[in-house]
Amino acid sequence: MFSIFSKKKSIIDFHGATDWHSHILPGVDDGVSDLETSLKILARYEELGFKRVWLTPHIMEDIPNRPVDLEKRFRELTAAYDGSVELRLGAENMMDQLFVERLDADELLPVGDKGDSLLVETSYFTPPANLFAIIDSVFSAGYFPVLAHAERYVYMDDNHYDRLHGRGVRMQLNLLSLSGNYGKAVTEKAHKLLDRGYYDRVGSDIHRYAQLETLSNLAEGKKYHQKVMNLISASLS
């Protein structure tokens, strides 16, 4: 009986939470395609208790969104949405040549109330050859890099994470990684990074409405439930 009881999980409470990573801005990347779905997702966010959501569409060589165009689409969404969730516009930046050029030109969409952080990513399977040089350039430009879905990079091992954390790189947890949505290995890595205290922020990385069912039923055992709740509380602004 004790063994069964000890495995009991508790639902994650999102009341007052900030979602730092989403693809809800309609029609700009591989995320939500239309305004109606965006509004439907935001209505569900209200029910779940989210306070704020950062809309972070992809910017990469394959999806070369310009900040000015994303800002226009963002204005269209905010004009259509009259709910209680605070909407903020940022971007998820692939650390490729386009990012280097945009960084040099300071043509960026940062995240954070202070506008001092950039949500960044690499390929899941291979890093850019100059990964740490790019990271240093982000710091030199006056920003803190926030590594999106840190647990999902297949090539990253303990040495990578230790080195990134040691340099001051912040890391974002994909909440859906805890559900097994990306496989057992990703969930295990997420738990390891939670144990090390390497995460700074949480995000849904939501691309479609169907993922909300998983998010709304997200549950963890006692050890990681508290760690996730502490992280949500600590990453509000």
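Throughout, residues of each chain are indexed from 1 in the direction in which the sequence is written. Per-residue local features are limited, in this predicted model, to residues with pLDDT of at least 70; the limit for side-chain atom pairs, both in listing and counting, is 80 or more; totals at the level of whole chains, interfaces and linings are taken over all residues. Each side-chain value is derived from all of the structure's non-hydrogen atoms; neither hydrogens nor water enter the calculation.

1. Considerations on the packing of aromatic side chains
Move 1: Planes of paired rings set the category: under 30 degrees apart is stacked, over 60 is edge-to-face and the rest tilted, where pairs are Phe, Tyr or Trp rings (Trp by its six-membered ring) whose centres lie within 6.5 Å. Here the structure, examined in full by the defined rule, presents six aromatic pairs.
Move 2: Measuring from ring centre to ring centre gives 5.7 Å for Trp20 and Trp54, while their planes differ by 10°; the resulting arrangement is stacked. Here Trp54 lies in strand E3 (residues 52-55) and Trp20 lies in the loop between strand E2 (18-19) and helix H2 (35-48), a separation of 34 residues in the sequence. Comparing Trp20 with Trp54, the two get one shared label, buried.
Move 3: Residues Tyr124 and Tyr153 carry aromatic rings whose centres are separated by 5.9 Å and whose planes lie at 35° to one another, so their mutual orientation is tilted. Here Tyr124 is found in the loop between strand E7 (117-121) and helix H5 (131-140), whereas its partner Tyr153 is found in the loop between strand E8 (144-147) and helix H6 (158-167), with 29 residues between them in sequence.
Move 4: Burial classes follow relative accessibility: with a 1.4 Å probe on protein chains only, a residue under 20% of its type's maximum area counts as buried, one over 50% as exposed, and anything between as partly exposed. Residue class for Tyr124 comes out partly exposed when judged on its relative accessible area of 26%.
Move 5: Look at Tyr153 and you get buried, because its relative accessible area is 0%.
Move 6: Here the aromatic residues Phe14, Tyr45 and Phe50 are joined through ring pairs into a cluster of three or more.
Move 7: Whether a charge sits over a ring depends on NZ of Lys or CZ of Arg being within 6 Å of the ring centre and within 35 degrees of the ring normal. For the cation-ring pair, Arg163 lies above Phe132, with the distance from its terminal atom to the ring centre recorded as 3.7 Å.
Move 8: Taking the ring centre of Trp20 as reference, the NZ or CZ of Arg201 above it sits at 4.2 Å. Secondary structure elements are taken from DSSP: a helix is a run of H or I of four residues or more, a strand is a run of E of two residues or more, and numbering for both begins at the N terminus.

2. Some thoughts on helix H9 (residues 222-234)
Move 1: Expected helix span is given by 1.5 Å per residue-to-residue step, counting one fewer step than there are residues. Over its 13 residues, H9 extends 18 Å from the first C-alpha to the last, a length consistent with the 18 Å expected when each residue adds 1.5 Å.
Move 2: Burial in H9 covers these residues: Tyr224, His225, Val228, Met229, Leu231 and Ile232. Along the axis of H9, the buried residues cluster in a sector spanning 160°; they form a single face. Of the residues in H9, the exposed ones pointing more than 90 degrees away from the buried face are Lys222, Ser233 and Ala234.
Move 3: Those residues of H9 hidden inside the fold are in contact with strand E1 (9-11), strand E9 (170-174), helix H7 (184-196), strand E10 (199-203) and strand E11 (219-221). It is the directions from the helix axis to the C-beta atoms whose arc is reported. In this description, contact between two residues means that some pair of their heavy atoms is separated by no more than 4.5 Å.

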